[in-house]
Amino acid sequence: MDADTIDKLILSSNLLTEQLANIKDEQDRDNCVQEYLKSVKIKRICDFPKGAEWFNVSEYLSIKDLEGKIVVLDFFTYCCINCMHILPDLKALEEEFSIEDGLVVVGVHSAKFENEKQSQNILAAVQRYNISHPVVNDANAEFWNNLNICCWPTLLILGPNANPLYLLMGEGHKDEIFLFVRNALNFYKNQNNIKHDSLPILSASHLLTKTNGPLLFPGKVTCLRNNTTDILAISDTGHHRIIISADNGQVSYVIGGNGPGLKDGDFSTALFNAPQGLVFEDENILYVADTENHAIRKINLKERFVQTIAGTGEQGIDRAGGKIGTDQEISSPWDLCLFTTPDLDMSFHGPNDSVVTKRVLLIAMAGTHQIWALFLDNIIWWKFKIYSAGTCLAIAGSGREENRNNLYPHAAAFAQPSGIALDAENKDLYIADSESSSIRRLSLLDGKVTAVVGGNRSPTNLFDFGDIDGQQYNGKLQHPLGVAMGVNGTVYVADSYNHKIKKINTITNTISSLYGTGKAGNSQSKSPIQFNEPGGLCISNNPDILYVADTNNHCIKSINLTKKQTYSEINFILPDNSIKSSTKLKDFIEVSANGADCLLHFNFESESSDIKITPQAPNKVIFKFNRDYVVEQPEFTNPMTIKLKIPKTKVSTHEIIIKINIVICKNNKCMPLSATLGLNVVFITNGATNVTKKLDFLMSSKELILK
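Residues numbered from 1 in each chain as written. Predicted model: local features only at pLDDT ≥ 70, side-chain atom pairs only at ≥ 80, totals over all residues. Heavy atoms only, no water.

Focus on the overall build of the chain
No. 1: Each helix and strand in the chain was counted, giving 6 helices and 45 strands.
No. 2: For the chain, the C-alpha radius of gyration of 27 Å lies close to 27 Å, the compact-globule estimate for 707 residues.
No. 3: Along the first, second and third principal axes, the C-alpha set of the chain runs to 80 × 80 × 50 Å.
No. 4: Scored against the burial criterion, the 707 residues of the chain give a buried share of 57%.
No. 5: Summed over its atoms, the accessible surface of the chain is roughly 29900 Å², and 48% of this surface lies on carbon and sulfur atoms.
No. 6: Where the 67 positive side-chain charges of the chain centre and where its 78 negative ones centre are 4 Å apart. (Helix = DSSP H or I, 4+ residues; strand = E, 2+ residues; numbered from the N terminus. Rg over C-alpha atoms; globule rule 2.2 N^0.38 Å. Buried < 20%, exposed > 50% of the residue type's maximum accessible area, 1.4 Å probe, protein only. Areas by Shrake-Rupley, 256 points an atom, 1.4 Å probe, with all protein chains shown as cover. Lys, Arg positive; Asp, Glu negative; His and termini not counted. Charge placed at Lys NZ, Arg CZ, Asp CG, Glu CD.)

Section: the pattern of salt bridges
No. 1: The full count for this structure, using the stated rule, is 25 salt bridges.
No. 2: One salt bridge in this structure joins Asp-197 and Lys-69, with 3.2 Å as the shortest N-O distance. Here Asp-197 is found in the loop between α6 (174–189) and β7 (221–225), whereas its partner Lys-69 is found in the loop between β1 (54–55) and β2 (70–76), with 128 residues between them in sequence.
No. 3: The shortest N-O distance in the salt bridge between Asp-467 and Lys-502 comes to 2.7 Å. With Asp-467 in the loop between β26 (449–454) and β27 (470–471) and Lys-502 in strand β30 (residues 500–505), this residue pair connects regions lying 35 residues apart in the sequence.
No. 4: Looking at Asp-467, the relative accessible area reads 32%, which means it is partly exposed.
No. 5: Residue Lys-502 is classed as buried on the basis of its relative accessible area of 0%.
No. 6: Members of the salt-bridge network, linked through shared partners, are Asp-467, Asp-495, Lys-500 and Lys-502. (Salt bridge = Lys/Arg side-chain N within 4 Å of Asp/Glu carboxyl O.)

Looking at the sheet that holds β7
Paired through backbone hydrogen bonds, the strands of a sheet run either parallel or antiparallel to each other.
No. 1: Read across the sheet, 4 strands follow the order β7-β8-β9-β10 without closing on themselves; strand pairing throughout is antiparallel. Each end of this open sheet is capped by a strand with a single partner; those strands are β7 and β10 (251–256). For this sheet the average axis-to-axis angle between neighbouring strands, irrespective of direction, equals 15°.
No. 2: By the bridge criterion, 5 bridges tie strand β9 (residues 241–246) to β10 in an arrangement that is antiparallel. In the sheet register, Arg-241 faces β10, and the bridge partner there is Gly-256. (Pairing = 2+ DSSP bridges. Axes fitted to C-alpha atoms, helices over the stretch in contact; angles between N-to-C directions.)

Quick notes on the layout of surface pockets
No. 1: Looking at the second largest pocket, its volume works out to about 820 Å³.
No. 2: Forming the walls of the second largest pocket are 37 residues, and the residues nearest its centre are Thr-222, Arg-225, Val-279, Cys-337 and Leu-422.
No. 3: At 6 residues, the largest contribution of residues to the lining of the second largest pocket is made by strand β17 (residues 333–342).
No. 4: Of the residues assigned to the lining of the second largest pocket, the class counts are 22 nonpolar, 8 polar and 7 charged. (1 Å grid on protein atoms, 1.4 Å probe; cavity = no way out; pocket = protein on both sides within 12 Å on 5 of 7 lines; lining within 4 Å. Points joined across faces, edges and corners; volume = space filled by probe spheres on them. Nonpolar A, V, L, I, M, F, W, Y, C, P; charged D, E, K, R; others polar.)

Honestly, it's all geometry; don't read function into it.
Spelled out as structure tokens, the structure:
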């Protein structure tokens with residue numbers, strides 16, 4: 001589309017949106033859209049770029065392949081928080097209207113950062129955010145420029161002849177999208193222009209790199225420092241859970257992980273949705289930024305209970321706040337810090353005339369581009385304002401997406417703050433401002449916001465990024481996501497899209513590279529250290545040890561800062577009770593106490609003829625007998641027989657955990673299924689040395705069931 005055409009489409013689309021906002025009756029709204037569809041006449045758009053790489057499909061798509069469909073083109077870049085916010089809307093749309101109904105959603109990835117142009121990084125983002133619709137890598141913004149798209153996110157809805165119908169910019173248009181798509185499908189069905197055929201959809205989940213440990217896209221790591229060892233808390237973001245571990249990898253708690261959701265309760269029933277930032281209050285209390293639930297959660301490790309303490313569970317647009325706890329809507333909290341400060345009520349003192357300190361939970365609120373506070377105690381704070389315990393509100397940032405420094409906190413502006421670290425001595429908060437590719441400083445004494453390193457002097461220029469060591473604006477970063485406070489005024493930075501860890505001297509505002517090659521990798525040689533979009537980091541009780549959440553490498557690295565290029569990946573050992581049996585086999589097997597050979601016959605039947613196991617996927621069966629005895633079936637067939645050697649043991653009974661992961665396809669749409677079973681084994685002196693067990697499963701589009 002030329003500039004005039006896109007301007008006309010934007011004008012007509014905005015006019016329709018305004019009209020719909022003033023119409024309350026549903027039938028009248030439908031009639032309004034139907035009349036609009038009769039009037040909009042724009043010629044067919046150009047095809048996708050030739051040779052562009054695609055994801056979630058088994059073959060490349062062209063505009064011709066999409067004829068007969070209502071197509072929603074989602075122009076996005078995977079770093080953009082506003083783009084992330086519309087993914088749930090698109091998923092809900094796809095659940096309401098299938099490809100066979102005539103709707104196709106296509107993600108058009110038009111990168112902002114250089115790192116985002118790489119297909120392997122887009123693939124990781126598609127997997128990380130569970131995007132199931134087709135995505136094309138518009139690496140050189142060719143398609144973007146041909147259609148004169150100007151911002152992320154932009155939704156362009158096409159008719160069955162690839163003719164532009166409606167354009168929406170920004171987030172927050174769920175109602176308009178559903179209304180328009182439903183009416184467009186009806187309008188073109190009545191003209192017999194909708195095709196009900198399928199497309200070659202193949203979920204990219206089966207391409208997920210095999211991990212060596214239990215983590216999947218870990219976002220953040222924090223530690224509780226004591227005199228003997230570090231207690232680590234890891235946001236296992238891809239698994240929607242929190243892991244509590246000693247620094248040697250021995251896991252004590254696995255909290256959540258039964259899929260995404262928002263549910264308070266004990267550790268086995270609580271649910272999270274892509275959690276990120278964490279901070280310990282003490283050995284019993286951990287706070288979590290539950291990012292995609294738009295909530296702050298409190299984990300009581302002593303009582304083994306999870307509680308929501310802020311956020312409604314729905315994304316908010318409030319940029320002021322001031323409500324109490326779960327009455328206050330928030331938006332994509334990404335990181336946390338706990339700040340303790342003397343109460344400004346000087347008339348009140350504690351025992352023995354001690355100064356009373358109050359707790360303030362600081363929040364990097366990426367979704368509204370601000371810094372928020374959740375007051376955990378009644379407090380008198382800045383400008384002698386009184387805040388009740390539980391009050392949650394913005395303390396810095398206007399909500400505009402800018403790199404604007406200012407003496408007054410609410411006149412300053414941030415651009416997707418994603419990491420924060422506290423300098424308790426100087427009462428400064430250091431902020432990884434990811435979209436401006438800069439590190440900023442917020443004074444907790446007076447609210448002043450100042451530049452540290454990176455970014456551009458112009459507050460509206462969010463495209464000044466790179467990989468350059470230097471002072472203040474001469475130093476360059478690329479979408480940093482994490483910061484950690486070291487000693488002697490040192491701040492460590494996870495320079496995520498440069499795949500590096502860097503160090504800032506906050507006295508001179510100078511940044512220098514420490515670890516990483518500038519390219520994504522995870523060399524097993526350990527020299528040099530390599531990363532793949534590290535997202536979080538923290539300093540140990542020993543200030544010479546730095547922990548790094550190496551997100552796309554699915555691991556936590558422990559780096560010795562005094563020994564050049566010396567690090568280790570933490571080998572996490574999950575407790576046996578972290579693997580829960582979703583199905584207990586009613587019967588059991590008896591075997592010899594001296595060990596036995598067990599033949600397990602697996603057979604998978606489909607609920608309907610259109611459900612099939614995807615042969616290209618990493619379908620597998622894993623057996624766990626004890627911590628030291630894990631067997632993975634390397635080749636998956638249906639049916640199949642697996643010979644399992646049960647070792648000699650001194651116990652009378654034991655449970656074999658059987659975990660099955662498969663990918664099935666239905667009508668060219670692929671989805672993962674899993675089941676975890678517990679098979680009880682009884683050891684007796686004269687038991688059999690050869691036993692056989694048959695396991696029959698039924699595959700539906702939603703679950704794998706033991707028959």
